Amino acid sequence: MSIKISDLSPSSPSAADLNFADDGAGGHSMHPNANSAAAYQSSLQSRKCAALSGIARVPGDKSISHRALMFGALAEGETMISGLLEGEDVYNTAGAMRAMGAHIQKGEDGLWRCFGRGLGNLVEPAQVLDMGNSGTSTRLLMGIVAAHPICAVFTGDASLIKRPMARVMTPLEQMGAAFMGRGGGRLPMAVRGSEALKAITYRLPVASAQVKSAILLAGLNASGETQVIEDHPTRDHSENMLRHFGVEVDVGTQKDGSDIIAVRGGQRLRGCSVDVPADPSSAGFPVVAALINAGSDVRLPNIGMNPRRIGLYETLLEMGAEIAFENRTISAGEATATLHVRAHKTLRGVDVPEHRVPSMIDEFPILAMAAACSDGTTRMRGLAELRVKESDRLLMVANGLKACGVELEMGEDWLTIHGRGRPPRGGAMIETALDHRIAMSFLILGTVTDEPIAIDDGGAIRTSFPNFLSLMQELGADIHAADASK
Ligand code: S3P
């Protein structure tokens, strides 16, 4: 009963429950109890297990959670959020919005409530905003700060301070904001915003939803109509959610095939309800785990199926995966489905078309693990952006897979993996470089390799998937602290 992914298109938004949060004590104060920080500290190890089965309740979408908090803080009135990702990255966004005057609280009903200040009314944060590991928080917030008459200083962890910010500085400077940061456009960086920003028309030099969103958010409080042109469609959660908050966003296709997205300055955001679907990027980990463990049968409810996020699933279907998309719904402009994954046969290698890259930009590490267990060669190209994610993901994946005995070739922006139709040897200690997706990908591979796979540090997993360990253990995986493994 598989359906075609192309059938999963979003339609009109519908209001639903939302949750937002703040306990008044700052961004790091409400971490979930299960999967405590201690559980992820230092090295984790994954060993071969039997078939996986059960229901995997994946946490809320990270991209949508960030936006729900930010837009709620910019809105007039109350926004209620359900399904918010309670992970480190999102707590950092909540902490920053609080520091700029929004009131964010988690209720006993589990819903998060955000009492917004209205566009243009954020206050200057008194302290440096430490965004931890989160590039999305940093870049989108730079767009928001740019459009306020305030100064904010951003910093982050050892991963985030290496990541390029010039991609947002350039357009925001054109609009009238000022930046002062380290060389190469790196954090720490101060942003001085203005209430007199000018609208611009900007063609994205890299396919980036973060850059698009930063410009649109600045444009909301600029004079005139701000237009962003994108040659390669990137995730459109900002556009969908701005509409949900009552903002007019025009999207058109130009003669050359590019998309043009426009917002008029001076519009108001109205507080509303946001129902955050489960994250399709996080779902990729248990989905691939199920597919490479013969005989597995796993259901994943309420997974976001935005057409611009489902490249991994299109690719897995082409590799011969059995994934059914059931109970399809639309909520707040975002499509969702229950994924039902059954593993009957070995996946086969495929060529991933380059145009698909933006719709699976975060999924190449986990796809590489599936490719390493497949029959035949998988070719991935157009991957330059992977070099500037939480780590140099191309390098980290290639190094880790080689250490596990996988045959591969890597270029500046491509990766070719030769699968042998069976899981690789494994037996390596993987460096994760503060990258949650590298950490989880190799733990998933370790569920099938002959020898266990260990990662040097599981801490980053809590940025996006705080219940990863318990969820995988409940499905039957043998993933534990390295010294607790038998
Ligand atoms: C995101 C956009 C993508 C993605 C990131 C989340 C977003 O980054 O990799 O995890 O929420 O807009 P880029 O815009 O750099 O491609």
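Parameters at a glance
Residues numbered from 1 in each chain as written. Predicted model: local features only at pLDDT ≥ 70, side-chain atom pairs only at ≥ 80, totals over all residues. Heavy atoms only, no water. Helix = DSSP H or I, 4+ residues; strand = E, 2+ residues; numbered from the N terminus. Rg over C-alpha atoms; globule rule 2.2 N^0.38 Å. Buried < 20%, exposed > 50% of the residue type's maximum accessible area, 1.4 Å probe, protein only. Contact = heavy atoms within 4.5 Å. Areas by Shrake-Rupley, 256 points an atom, 1.4 Å probe, with all protein chains shown as cover. Lys, Arg positive; Asp, Glu negative; His and termini not counted. Charge placed at Lys NZ, Arg CZ, Asp CG, Glu CD. 1 Å grid on protein atoms, 1.4 Å probe; cavity = no way out; pocket = protein on both sides within 12 Å on 5 of 7 lines; lining within 4 Å. Points joined across faces, edges and corners; volume = space filled by probe spheres on them. Nonpolar A, V, L, I, M, F, W, Y, C, P; charged D, E, K, R; others polar. Core = buried A, V, L, I, M, F, W, Y, C linked by side-chain atoms within 4.5 Å. Salt bridge = Lys/Arg side-chain N within 4 Å of Asp/Glu carboxyl O. Pairing = 2+ DSSP bridges. Near = heavy atom within 4 Å. Polar contact = N/O pair within 3.5 Å; in protein donor to acceptor, adjacent residues only side chain to side chain. Sits in = over half its atoms within 2 Å of the grid points. Domains from an automatic or database assignment. Buried area = accessible area lost by both parts, 1.4 Å probe. Phe/Tyr/Trp six-rings, centres within 6.5 Å; stacked < 30°, edge-to-face > 60°.

Asker: Account for the overall build of the protein chain, with residues named and values stated.
Answerer: When you go through the protein chain residue by residue, the secondary structure sums to 13 helices and 24 strands. In summary, the protein chain has a C-alpha radius of gyration of 21 Å against a globular reference of 23 Å for 486 residues, a match within 12%. Projected onto its principal axes, the C-alpha positions of the protein chain cover 60 × 50 × 45 Å. Buried positions account for 60% of the 486 residues belonging to the protein chain. By sequence separation, contacts in the protein chain at least 24 residues apart represent 79% of the contacts at least 6 residues apart. Entry remark: accessible area of the protein chain is about 16900 Å², with carbon and sulfur atoms responsible for 49%. Side chains of the protein chain carry 46 positive and 55 negative charges; the gap between the two charge centres is 2 Å.

Asker: So what about the layout of surface pockets? Which residues, and what values?
Answerer: Its boundaries defined by the atoms lining it, the largest pocket holds a volume of some 650 Å³. Considering the residues around the largest pocket, the lining is formed by 39 residues, among which A207, P358, I361, E385 and K389 are closest to the centre. Of all elements in the fold, only α2 (62-74), α4 (135-146) and α6 (209-219) reach the threshold of two or more residues within the lining of the largest pocket. Counting residues per element, the lining of the largest pocket draws most heavily on α2, which supplies 4 residues. Along the lines of polarity and charge, the residues of the lining of the largest pocket split into 9 nonpolar, 12 polar and 18 charged.

Asker: How would you explain the nonpolar core if you had to name every residue and give the values?
Answerer: By size, the foremost hydrophobic cluster in this structure holds 80 residues, and its most contacted members are Y313, L316, L401 and F468. Within the second largest apolar cluster, 70 residues are counted, among which are F71, I144, V168 and V276.

Asker: Mind laying out the pattern of salt bridges, listing which residues take part and the relevant values?
Answerer: Within this structure, the stated rule accounts for 33 salt bridges. With a shortest N-O distance of 3.5 Å, D450 and K48 are connected by a salt bridge. Taken together, the residues D450 in the loop between α12 (436-445) and β23 (453-455) and K48 in the loop between β1 (44-47) and β2 (53-55) connect sequence positions 402 residues apart. Residue D362 pairs with R235 through a salt bridge whose shortest N-O separation is 3.4 Å. In this pair, D362 sits in the loop between β18 (351-352) and α10 (364-372) while R235 sits in the loop between β11 (225-230) and α7 (237-244), placing the two residues 127 residues apart along the sequence. Taking relative accessible area as the criterion, R235 reaches 11% and is therefore assigned buried. Residues joined by salt bridges that share partners form a network here, namely R163, R235, D362, E390, R393, D435 and R437.

Asker: Account for the sheet that holds strand β21 (residues 414-420), with residues named and values stated.
Answerer: Ordered by their spatial adjacency, 4 strands build an open sheet running β18-β19-β21-β20, and the pairing between neighbours is mixed. The sheet is open, and its two borders are formed by β18 and β20 (407-410), each paired with just one other strand. Of the strand pairs in this sheet, β20 and β21 are connected by 4 bridges, and their pairing is antiparallel. Along β21, the bridge assignment pairs E407 with H418.

Asker: I'd like to hear about the site of the ligand, residue by residue, with values.
Answerer: Inspection of the region around the ligand gives S63, R67, T136, R139, A207, S208, A209, Q210, R235, I361, D362 and K389 as its neighbouring residues. Backbone polar atom of A209 to an oxygen atom of the ligand: 3.0 Å apart, as the coordinates give it. With the chains in place, 95% of the 390 Å² that the ligand exposes on its own is no longer accessible. More than half of the atoms belonging to the ligand lie within 2 Å of the grid points that define the largest pocket. Every element with two or more residues in the shell around the ligand is listed here: α2, α4 and α6. In terms of residue class, the shell around the ligand is built from 3 nonpolar, 4 polar and 5 charged.

Asker: Outline the domain arrangement of the protein chain, supporting the account with residue identities and numerical values.
Answerer: As far as domains go, the protein chain holds domain 1 (31-61 + 277-481) and domain 2 (62-263 + 271-275). Once you take the C-alpha centre of each, domain 1 and domain 2 turn out to be 28 Å apart. For the pair domain 1 and domain 2, the summed buried surface comes to about 2600 Å²; carbon and sulfur atoms form 47% of the total. D236 is the salt-bridge partner of R308, the closest N and O atoms lying 3.8 Å from each other. Our enumeration of links across domain 1 and domain 2 arrives at 20 residue pairs in polar contact (both at pLDDT 80 or more).

Asker: Describe α6, and please don't skip the residues or the numbers.
Answerer: The buried fraction of α6 amounts to 11 of the 11 residues, a majority that puts the element mostly inside the structure. The opening residue of α6 is S208, an N-cap whose side-chain oxygen sits 3.3 Å from the backbone nitrogen of Q210.

Asker: Go over the packing of aromatic side chains with me, naming the residues and quoting the values.
Answerer: Two aromatic rings are characterised by how far apart their centres lie and by the angle between their planes. Applying the stated criterion across every chain, the model contains 4 aromatic pairs. Note on F71 and F245: the rings are 6.0 Å apart at their centroids and 80 degrees apart in plane angle, and the pair reads as edge-to-face. In this pair, F71 sits in helix α2 while F245 sits in the loop between α7 and β12 (249-253), placing the two residues 174 residues apart along the sequence. Seen from their ring centres, F465 and F468 are 5.4 Å apart, and the 75 degrees between their planes marks the pair as edge-to-face. F468 carries the same exposure label as F465, and that label is buried. Among the aromatic residues, ring-to-ring pairing joins F285, F465 and F468 into one connected group.

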